[in-house]
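In case you want the letters, here they are:
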Amino acid sequence: MHELPLHCDMRIGRAVSIATVGLFVAGTLHAQEARPVQEEVHYLNPEDGTTLTAYLSVPPASGQFPAVVLLSVAGIVPVTEHLTEAGYAVLAPIRRGFVAVEPLLQATYADLGGDLRAALDFLGTVSGVDSRRLAVIAQADDGPPALLAMAASPSPVPLALLAPPAFSGVEEFRREQRAMARRDGARADELRALDTYIEQITEIALSQAEPYVREYRLDALRTRSPVQLPRNAAFPMDERQAHFFASPLWRDRLAFEPQVALGLLRSPALVMIGVDDANTPVEAYLDSVRRGLAAARTDDTSVCLVPGRTRHSFTPRSMNVLVEWLDRRWDPAGPPPSGCLEDPLR
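All of these numbers come straight from a predicted model, not from anything done at the bench. (Residues numbered from 1 in each chain as written. Predicted model: local features only at pLDDT ≥ 70, side-chain atom pairs only at ≥ 80, totals over all residues. Heavy atoms only, no water.)

S.K.: I would appreciate a short explanation of the pairing of strand β3 (residues 65–71) in the present structure.
M.R.: Judged by how many residues are buried, β3 sits mostly within the fold: seven of seven residues are covered. Note that β3 and strand β5 (residues 129–139) share six bridges and pair parallel. Within β5, the residue paired with L71 across the bridge is A138. When β3 meets strand β4 (residues 89–93), the two strands line up parallel, connected through three bridges. When the bridges of β4 are listed, V68 appears paired with V90. (Buried < 20%, exposed > 50% of the residue type's maximum accessible area, 1.4 Å probe, protein only. Helix = DSSP H or I, 4+ residues; strand = E, 2+ residues; numbered from the N terminus. Pairing = 2+ DSSP bridges.)

Dropping the structure here:
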């Protein structure tokens, strides 16, 4: 075997290196070209004049794409990428009051529903979006306003709900607070006192009094109460707490009746819940959701139980279910979602 001279060996090495770099650069450019087009967009809610901001992601290919409005405060990068890879354009609105909370506290569910309608109207005008194939994905606390908005919509828009409330607003609040109190080691007598305090809070918050009157009464109640709510990130633990519970947003949250809202739906609907979602008795949850959907004005409803959590996260399983369910709205002959667990109530 003949050895090459050193200078030849070096030239070949450089040539291989250059070829390798070229392939890497070409591959990188191709990957960049294949990435979805993303931009920040602004549009108006004409019902109250609020300017809204959202992030728009459109698949890189040409054509007319189905599109979704994605309502979530969880990390949405993975689900946005999953949807665009599946051929969907995605509009992810920034909830009003996301940084300064006051605009959100002063918003009603009707206001947030108007924000969703504005998002759908805007999305339908985007170049490359098929305005006849729009849908909504709403997660957790974004579910109730979306549900009420779609129930009132004159034209059906497919609605996928991840971990929406299944019990009345007051019952959801009580369940959350009791679960946190148990986590903190509360005794039976302390839990009973907490129940009484929660009943008093909700009675004032749901009253017809003006917000400033509700705030005054709630602050007085907090000052004299022998127990306080468990510490959590949903609201302040100081004197500002009364302002939160007296707000229009919290009033609507506590007044929400999911079975009634589900029964008003005329849009295709998917309700997804995870077996590990916190404070969620799965069988009672599924029973409540099914009771509501039984009265819906559409037969196109599905309930899907998946592993893991759906309230504040998106898993590969839940994302696959979303895409498969959405695909079937545009192609009824397509297969149903394959990632749902066996329903314990059936």
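Now, onward.
S.K.: Even after reading the chapter, I still don't get unusual backbone geometry, so can you show me in this structure?
M.R.: Trans peptide bonds make up most of the peptide bonds, and negative phi angles are found at most residues other than glycine. Of note in this structure, A163 is not a glycine but carries a positive phi near 55 degrees. By the secondary structure assignment, A163 is in the loop between β6 (159–162) and α6 (169–183).

S.K.: Help me understand the side chain of T298 in this model?
M.R.: Within the secondary structure layout, T298 lies in the loop between α12 (282–294) and β8 (301–306). Among the polar contacts listed, one links the side chain of T298 to the backbone nitrogen of D300, at a separation of 3.0 Å. With sequence-adjacent residues up to four places away left out, T298 is seen in contact with L265, R266 and S267. (Polar contact = N/O pair within 3.5 Å; in protein donor to acceptor, adjacent residues only side chain to side chain. Contact = heavy atoms within 4.5 Å.)

S.K.: What is the right way to look at the packing of α6 against helix α7 (residues 188–205) in this model?
M.R.: For any two helices packed against each other, one specifies the inter-axial angle together with the distance between the axes. Taken N-terminus to C-terminus, the directions of α6 and α7 make an angle of 145 degrees; their axes are 10 Å apart at the nearest point. The handedness of the crossing between α6 and α7 comes out as right-handed. Contacts from V170, F173, R174, Q177, R178, A181 and R182 in α6 reach L191, L194, D195, I198, I201 and T202 in α7. (Axes fitted to C-alpha atoms, helices over the stretch in contact; angles between N-to-C directions. Left-handed = near helix turned anticlockwise from the far one by under 90°.)

S.K.: Sorry if this is basic, but what is going on with the pairing of β4 here?
M.R.: When a strand is regular, its side chains alternate between the sheet's two faces. Taken across its five residues, β4 has five buried, putting it largely inside the fold. Here β4 shows a buried face lined by A89, L91 and P93 and a second buried face lined by V90 and A92. As judged from the four bridges shared by strand β2 (residues 50–58) and β4, these two strands associate in the antiparallel manner. Residue pairing across strands places A54 opposite P93, the latter belonging to β4. The β-α-β motif built from β3, the intervening helix α2 (residues 77–85) and the parallel element β4 has right-handed crossover chirality. (Right-handed = clockwise from strand over helix to strand, strands pointing away.)

S.K.: What is the right way to read the nonpolar core from this model?
M.R.: Nonpolar side chains in soluble globular proteins generally cluster together in the buried interior. L116, L123, V136, M150 and L265 are the most contacted members of the largest nonpolar core, which has 53 residues in total. When residues in this core are grouped by element, the largest group, seven residues, is from helix α4 (residues 109–123). Excluding its chain neighbours within four sequence positions, the residues that come into contact with L265 are L147, M150, A151, L159, L293, A296, R297 and T298. Grouped together as the second largest cluster of nonpolar side chains are 22 residues, L83, A160, L270 and C304 included. (Core = buried A, V, L, I, M, F, W, Y, C linked by side-chain atoms within 4.5 Å.)

S.K.: Explanation requested: the pattern of salt bridges in the structure shown.
M.R.: Between side chains of opposite charge, a pair can form as their charged atoms come close. Here the structure, examined in full by the defined rule, presents 18 salt bridges. Between D130 and R132 there is a salt bridge, and its shortest N-O distance comes to 3.0 Å. Exposure remark for D130: the relative accessible area of 7% places this residue in the buried category. Where E171 meets R175, a salt bridge forms, and the shortest distance between an N and an O atom there is 3.2 Å. Placement of the pair is E171 and R175 together in helix α6, with a separation of four residues, close to one helical turn. Taken together, the shared-partner salt bridges connect E171, R174, R175, R178 and D195 into one network. (Salt bridge = Lys/Arg side-chain N within 4 Å of Asp/Glu carboxyl O.)

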